[in-house]
Amino acid sequence: MIDLTRPSQQVARDLIGALLTFDGVGGVVVETEAYDIDDPASHAFSGPTPRNAPMFGPVGRAYVYRSYGLHWCLNIVCGPNPGAAVLFRALEPTVGLDRMIARRGLTDIRRLTAGPGRLCQALGIGTAQNAMPMTDPPFHLEPAPAQVAVIEGPRIGITKAVEQPWRFGLAGSPFLSRPFKPLT
DNA sequence: CTTTTGATGCCCT
DNA sequence: GGGCATCAAAAGA
């Protein structure tokens with residue numbers, strides 16, 4: 001099993017290539033971002049609030065929040081200390097394709113789960129899953145079966161701590177929410 | 001292909 | 001009341 005008590009940056013990296021499903025629907029994790037309590041871009045930065053409460057609870061639970069009033073975003077709580085989590089940004093859809101296509105109203109596999117909001121819509125994740133343990137059914141999470149090539153870069157859609165390279169991706173995956181800058 | 005804009009709810013100061 | 005860890009559709013080039 002993935003060691004969720006490690007710092008969020010390391011967990012975010014470990015999760016690339018892992019299999020994540022919810023209620024028998026999901027795929028391979030291809031993109032994540034790490035957030036931390038000492039991180040101005042994190043919801044946990046200003047301390048516990050009603051919204052971010054799961055981030056200060058046990059490791060392995062889900063932290064689901066509403067984004068821009070319309071979308072849901074899924075995190076897994078981790079870290080040696082409270083207030084850290086990893087945001088799931090994209091999957092490669094592999095399990096339950098028909099249900100994801102139905103929920104998203106799309107047949108374009110590349111856009112089924114490429115983005116945190118899209119991913120939650122495809123898996124049927126919402127506020128009901130907040131604080132739910134992701135280590136037990138109906139969630140299923142298993143480590144990457146083999147070593148994978150991981151690339152990193154700055155996080156997306158934030159305005160603070162933009163310079164931190166805490167976004168991780170599966171190298172060459174066509175299922176990323178956005179491409180990573182070429183490493184030069 | 002890229003950029004822009006509107007939809008939309010809710011937490012926090 | 002400001003500001004989002006977003007997305008899809010529309011408009012420009």
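The sections below set out a description of the structure shown in this document.

Quick notes on the rules
- Residues numbered from 1 in each chain as written.
- Chains lettered and ligands numbered in written order.
- Predicted model: local features only at pLDDT ≥ 70, side-chain atom pairs only at ≥ 80, totals over all residues.
- Heavy atoms only, no water.
- Helix = DSSP H or I, 4+ residues; strand = E, 2+ residues; numbered from the N terminus.
- Contact = heavy atoms within 4.5 Å.
- Near = heavy atom within 4 Å.
- Polar contact = N/O pair within 3.5 Å; in protein donor to acceptor, adjacent residues only side chain to side chain.
- Buried < 20%, exposed > 50% of the residue type's maximum accessible area, 1.4 Å probe, protein only.
- Phe/Tyr/Trp six-rings, centres within 6.5 Å; stacked < 30°, edge-to-face > 60°.
- Lys NZ or Arg CZ within 6 Å of the ring centre and 35° of its normal.
- Pairing = 2+ DSSP bridges.
- Core = buried A, V, L, I, M, F, W, Y, C linked by side-chain atoms within 4.5 Å.

### Digging into the side chain of Arg89
Now for step 1: Note on placement: Arg89 falls in strand S5 (residues 84-95).
Now for step 2: The residues touching Arg89, leaving out its near neighbours within four places in the chain, are Glu31, Thr32, Glu33, Thr113, Ala114, Gly115, Pro116, Leu119, Ile156 and Ser177.

### Some details on the protein's contact with DNA strand C
Now for step 1: Taken together, 18 residues form the shell around DNA strand C, and within it Tyr65, His71, Asn75, Gly117 and Arg118 come nearest.
Now for step 2: Close to the protein, within 4 Å, the atoms of DNA strand C are drawn from sugar and phosphate at a rate of 58%.
Now for step 3: Taking Tyr65, its side chain carries an N or O atom lying 3.1 Å from a base nitrogen of DNA strand C.
Now for step 4: In the model, a phosphate oxygen of DNA strand C is placed 3.4 Å from a nitrogen or oxygen of the Arg89 side chain.
Now for step 5: Of all the secondary structure elements, the ones that give two or more residues to the surface near DNA strand C are strand S3 (62-67), strand S4 (71-78), S5 and helix H3 (116-123).

### Some details on the environment of Arg66
Now for step 1: Mapping Arg66 onto the fold places it in strand S3.
Now for step 2: Residue classification places Arg66 among the partly exposed positions, given a relative accessible area of 44%.
Now for step 3: Put simply, Arg66 and Gly126 are 60 residues apart on the chain and 8.3 Å apart in space, counted from C-alpha to C-alpha.
Now for step 4: Among all residues touching Arg66, those that are not within four sequence positions of it are His71 and Trp72.

### So, the packing of aromatic side chains
Now for step 1: Counting across every chain of the model gives two aromatic pairs.
Now for step 2: Ring geometry for Phe22 and Phe139: centres 4.7 Å apart, planes at 45°, overall tilted. Separated by 117 residues along the polypeptide, Phe22 in strand S1 (residues 19-22) and Phe139 in strand S6 (residues 139-142) bring together distant segments of the chain.
Now for step 3: Overall, the relative accessible area of 8% leaves Phe22 in the buried class.
Now for step 4: For the cation-ring pair, Arg167 lies above Phe180, with the distance from its terminal atom to the ring centre recorded as 3.7 Å.

### Things to note about the pairing of S1
Now for step 1: Here S1 runs beside strand S2 (residues 25-35); their pairing, made up of four bridges, is antiparallel. Across the sheet, Leu20 pairs through a bridge with Gly27, a residue of S2.
Now for step 2: Connecting S1 to the antiparallel partner S2 that follows it, the hairpin turn spans two residues, and Asp23 within it adopts a positive phi of roughly 55°.
Now for step 3: Both S1 and S6 contribute to a ladder of four bridges, which runs antiparallel. Paired with Leu20 across the two strands is Leu141, which belongs to S6.

### Quick notes on the nonpolar core
Now for step 1: Within the largest apolar cluster, 38 residues are counted, with the highest numbers of intra-cluster contacts made by Leu15, Leu20, Leu74 and Phe88.
Now for step 2: Beyond its immediate stretch of four places on either side in the chain, Leu15 contacts Ile2, Val29, Thr32, Ile76, Val86, Phe88 and Leu141.
Now for step 3: One finds Ala44, Met55, Tyr63 and Ala85 within the second-largest nonpolar core, a separate group that totals 10 residues.

### Some remarks on the protein's contact with DNA strand B
Now for step 1: Neighbouring DNA strand B are the residues Thr49, Pro50, Arg51, Arg66, Tyr68, Gly69 and Leu70.
Now for step 2: Per the 4 Å cut-off to the protein, sugar and phosphate atoms form 64% of the nearby atoms of DNA strand B.
Now for step 3: Between DNA strand B and Tyr68, the relevant distance is 2.7 Å, taken from a base oxygen to a main-chain nitrogen or oxygen of the residue.
Now for step 4: One of the backbone nitrogen or oxygen atoms of Gly69 is found 3.1 Å away from a sugar or linking oxygen of DNA strand B.

### Re unusual backbone geometry
Now for step 1: With omega at 5°, the peptide bond leading from Pro137 into Pro138 counts as cis.
Now for step 2: One can find Pro138 in the loop between H3 and S6.
Now for step 3: Look at Ala161: it is not a glycine, yet its phi comes out positive at around 50°.
Now for step 4: For Ala161, a relative accessible area of 14% translates into the label buried.

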